[in-house]
Amino acid sequence: MLTALAVHNLALIDKIIVDFTPGFNILTGETGAGKSILIDAFNIALGGKVSTDNIREGADYLMAQAVFDLEKLPLVRQLLDENGIDYPENELILSKRVVMAGKSISTANGVRIPSSLLKALGERLVDIHGQHENQQLLRPDACLKLVDLYGGRESEEALNDYRKKYALWKSNTLQLKKNKESTIERERTLDILSWEIDEIEKAALGKEEDRLLEEESRRLENREKITAALSLSYNMLEGENNSPHGGVLVLVAKILRELETAGRYDVEVDKLANTLRETEYVLSDIKTELASRIENEATDPGRLEFIQQRLDTIYKLKKKYGTTMEEILAYCTTAKNQKEKLLHVEENTKKLEQETELLLEGTRKAAGILSSLRKKNAGKFAQEVEKHIHDLAMEQAKFIIMLDHKEDLAESGQDIAEFSFSANPGQSLKPLNKVASGGELSRVALALKTVLLDKAQLPTMVFDEIDTGVGGATAQRMAEKIAIIASVRQVLCITHLPQIACMADNHIYIDKKQGTGNTTHIELVHLSATARTQEITRMVAGDNRTDLAIKNAGQMLKLAEEKKRALLKKAD
């Protein structure tokens, strides 16, 4: 239930806070006083769109906050729990702030939330009905949606089941169409993939082949320098023919003998001799290895040309398929998988065709179940609505729901529904959008709201001038109908009709005031009994506030209170 609404810097509103009570809350005031601005603020707090043009002159932001009591709202508490939002003492404060730059911030109990969550919370808290919603009844899909809502959980489950099956069937159908349309492109892609795979596989690449070939190429290109260095090193170890002392190994051997002799008498020198002996072994191994390398240094003269050609092939593959050997081989693997997948597309298409046929059969079956439910519910729904229309001073009106079956499947099923209406005897039933006047449409809307009251399970209902185009006895009937709704739901209602205003449990007067400095602002007053009589007098007599007019207004309020008690007693 809505307990309060706070608004800052919205149009003519600088700052107001208005409290609401359970039952029937009425908002009245002169035309242009700003009553609808208050409903706009409420809509903003629930996630509705708002333009920066609505920011009050001289302000740099606007903000709307709505406070709710969640004690009897388990679905709202569940949604808050799912999103990790606490609600101490079962209180929820929804807020939306819009700055001049156009950015908005939405919060729930001080926690910043996405606008989608704010809207989802609003949809579980309030049903706002105004002249725009009256026009919504004339939309082609409105009737079917309301028939499904009337069907309750059974219709909801049947519709959800159908939509799941329809979505799968539609997805398969689109994929099947895509498969069939892409045959030429698939063949072209297969040719490209086959050529690429063949090119890479013919190269027979090794993972580190490029590195090894580059090393070998560098070695072959510098073979003469390498051979000269090896030969010189070998000679320095072995000793040249004209060397008087021999090579390094000969000198090491001589040094070793001297150290061995001294080592017999000095342990430290003996250690040196041992170290040198190990060095002699190492140098001897190096000499042997050098001799082997020099002997085998002669190579195939065509080897360098082969390596360069091979590296050129690898370079070209790298330009096409990857900068490393691993990337080229990975590309080849991916191409093979893609080729394999494309080769099986035709087989998969046949399988997809079979699946799609089965899905179509299941979807049509689900559509049939949904259609049967709608047919059963539409008649009962129309009868209940017609009864309430009769209560609204259209005793001879006829109201039925025309259901038609179409062959094609749609997201809503295979049904087309339309409200048909006749206001007077002798008039044939015709589509509601072609025959209903503004006042008649308002009454039909109220009748629909009344019938669907328990189905929607929304704690608060807002009627923004639903009384447009009605008056007299019809206004009285409408007032009684809204009062009955207010006995089980909280109702906020903007009205210009005294018959409806008299039924209020909480009467709020909205007035536009001229401030200092040529400014205008809105004030709200919760009317006392005396002030309420004065307001009803204004609504009935305008400026002609005679004693008789005031007395009549008091009598209207008294009769309305008696009527309300009788209605509520009858409803119990």
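You'll find the structure just up there.
Residues numbered from 1 in each chain as written. Predicted model: local features only at pLDDT ≥ 70, side-chain atom pairs only at ≥ 80, totals over all residues. Heavy atoms only, no water.

Visitor: What should I look at first to understand the overall build of the chain in this one?
Guide: Along its length, the chain carries 21 helices and 15 strands. Since a compact globule built from 572 residues should have a radius of gyration of about 25 Å, the 46 Å found for the chain marks it as more spread out than a globular shape. Taking the principal axes of the C-alpha coordinates as reference, the chain spans close to 150 × 65 × 45 Å. Counting every position in the chain, which comprises 572 residues, the buried fraction comes to 42%. (Helix = DSSP H or I, 4+ residues; strand = E, 2+ residues; numbered from the N terminus. Rg over C-alpha atoms; globule rule 2.2 N^0.38 Å. Buried < 20%, exposed > 50% of the residue type's maximum accessible area, 1.4 Å probe, protein only.)

Visitor: It is not clear to me how the packing of aromatic side chains should be interpreted in this structure. Could you clarify?
Guide: Aromatic rings in a pair are described by how distant their centres are and how their planes are angled relative to each other. Taken as a whole and judged by the stated rule, the model has six aromatic pairs. For the pair Y162 and Y166, a centre-to-centre distance of 5.8 Å together with 25 degrees between the ring planes defines the contact as stacked. Of this pair, Y162 and Y166 both sit in helix α6 (residues 152–181), four residues apart, which is roughly one turn of the helix. Neither Y162 nor Y166 differs from the other in exposure class; each is buried. (Phe/Tyr/Trp six-rings, centres within 6.5 Å; stacked < 30°, edge-to-face > 60°.)

Visitor: What am I meant to see in the nonpolar core here?
Guide: A general feature of soluble globular proteins is that nonpolar side chains tend to end up buried together. Counting 48 residues, the largest nonpolar core has F42 and F68 as its most contacted members. For this core, the leading source of residues is helix α1 (residues 35–45), giving seven residues. Aside from chain neighbours lying at most four places away, what touches F68 is M1, L2, T3, F42, L46, N90, E91, L92, L94, L125 and V126. Counting residues in each nonpolar core, the second largest holds 29 residues, with I482, I500, L557 and A560 among its members. (Core = buried A, V, L, I, M, F, W, Y, C linked by side-chain atoms within 4.5 Å. Contact = heavy atoms within 4.5 Å.)

Visitor: How should the side chain of R443 be read in this particular structure?
Guide: Within the secondary structure, R443 sits in helix α16 (residues 438–451). E440 is the oppositely charged side chain nearest to the buried, salt-bridge-free R443, at an N-O distance of 5.2 Å. Discounting residues that sit within four places of it in the chain, R443 has contacts with L392, A393, M394, V470, T474 and M478. (Lys, Arg positive; Asp, Glu negative; His and termini not counted. Salt bridge = Lys/Arg side-chain N within 4 Å of Asp/Glu carboxyl O.)

Visitor: Please clarify how helix α12 (residues 303–321) should be interpreted in this entry.
Guide: Quick reminder: α-helices carry 3.6 residues per turn. Residues three or four places apart thus point the same way. With 19 residues, α12 should reach 27 Å at 1.5 Å per residue; the first-to-last C-alpha distance of 27 Å fits that figure. Looking at α12, one finds that the buried residues are I307, R310, L311, I314, L317 and Y321. Projected onto a plane normal to the axis of α12, the buried residues spread over an arc of 120 degrees and lie on a single side. With respect to the buried face of α12, the exposed residues turned more than 90 degrees away are Y315 and K319. (Expected span 1.5 Å × (residues − 1). Arc of directions from axis to C-beta.)

Visitor: Please explain the pairing of strand β13 (residues 490–494) as it appears in this structure.
Guide: Every regular strand shows the same layout, with side chains that alternate between the two sheet faces. Judged by how many residues are buried, β13 sits mostly within the fold: five of five residues are covered. Residues Q490, L492 and I494 line one face of β13 and the alternating positions V491 and C493 line the opposite face, and both faces are buried. Taken together, the four bridges between strand β3 (residues 24–28) and β13 define a ladder with parallel strand orientation. Across the sheet, residue I26 finds its bridge partner in β13, namely C493. Note on the crossover from strand β12 (residues 460–464) through helix α18 (residues 472–486) to β13: the handedness is right-handed. (Pairing = 2+ DSSP bridges. Right-handed = clockwise from strand over helix to strand, strands pointing away.)

Visitor: Sorry if this is basic, but what is going on with the pairing of strand β6 (residues 104–108) here?
Guide: Pairing of strand β5 (residues 91–99) with β6 involves five bridges; the strand directions are antiparallel. Paired with R97 across the strands is I105, a residue of β6. Between β5 and β6, which follow one another and run antiparallel, lie four residues, and G102 among them has a positive phi close to 100 degrees. With three bridges connecting them, β6 and strand β7 (residues 111–113) associate as antiparallel partners. Paired with A108 across the bridge in β7 is V111. Joining the antiparallel neighbours β6 and β7 is a turn of two residues, in which N109 adopts a positive phi near 50 degrees.

Visitor: In this structure, what is going on with the sheet that holds strand β9 (residues 398–410)? I would like to understand it.
Guide: The strands making up a sheet associate through hydrogen bonds between their backbones, and the pairing can be parallel or antiparallel. Read across the sheet, three strands follow the order β9-β10-β11 without closing on themselves; strand pairing throughout is antiparallel. For this open sheet the edge positions go to β9 and β11 (430–431), each flanked by a neighbour on one side alone. Bridge analysis of strand β10 (residues 413–422) against β11 gives two bridges, and the strand direction is antiparallel. Bridged to S420 within β11 is P431. The strands that helix α14 (residues 345–391) touches are β9 and β10; relative to β9, the one it contacts most, it runs at about 170 degrees. (Axes fitted to C-alpha atoms, helices over the stretch in contact; angles between N-to-C directions.)

Visitor: Where do I start with the pattern of salt bridges in this structure?
Guide: In a structure, side chains of opposite charge can pair up when their charged atoms sit close to one another. In the structure shown here, the tally under the stated rule is 24 salt bridges. One salt bridge connects R211 with E208, and the closest N-O pair in it is separated by 2.5 Å. Its relative accessible area of 37% is what places R211 among the partly exposed residues. Residue classification places E208 among the partly exposed residues on the basis of a relative accessible area of 44%. When salt bridges with common partners are traced through the structure, they connect E30, E535 and R538 into a single cluster.

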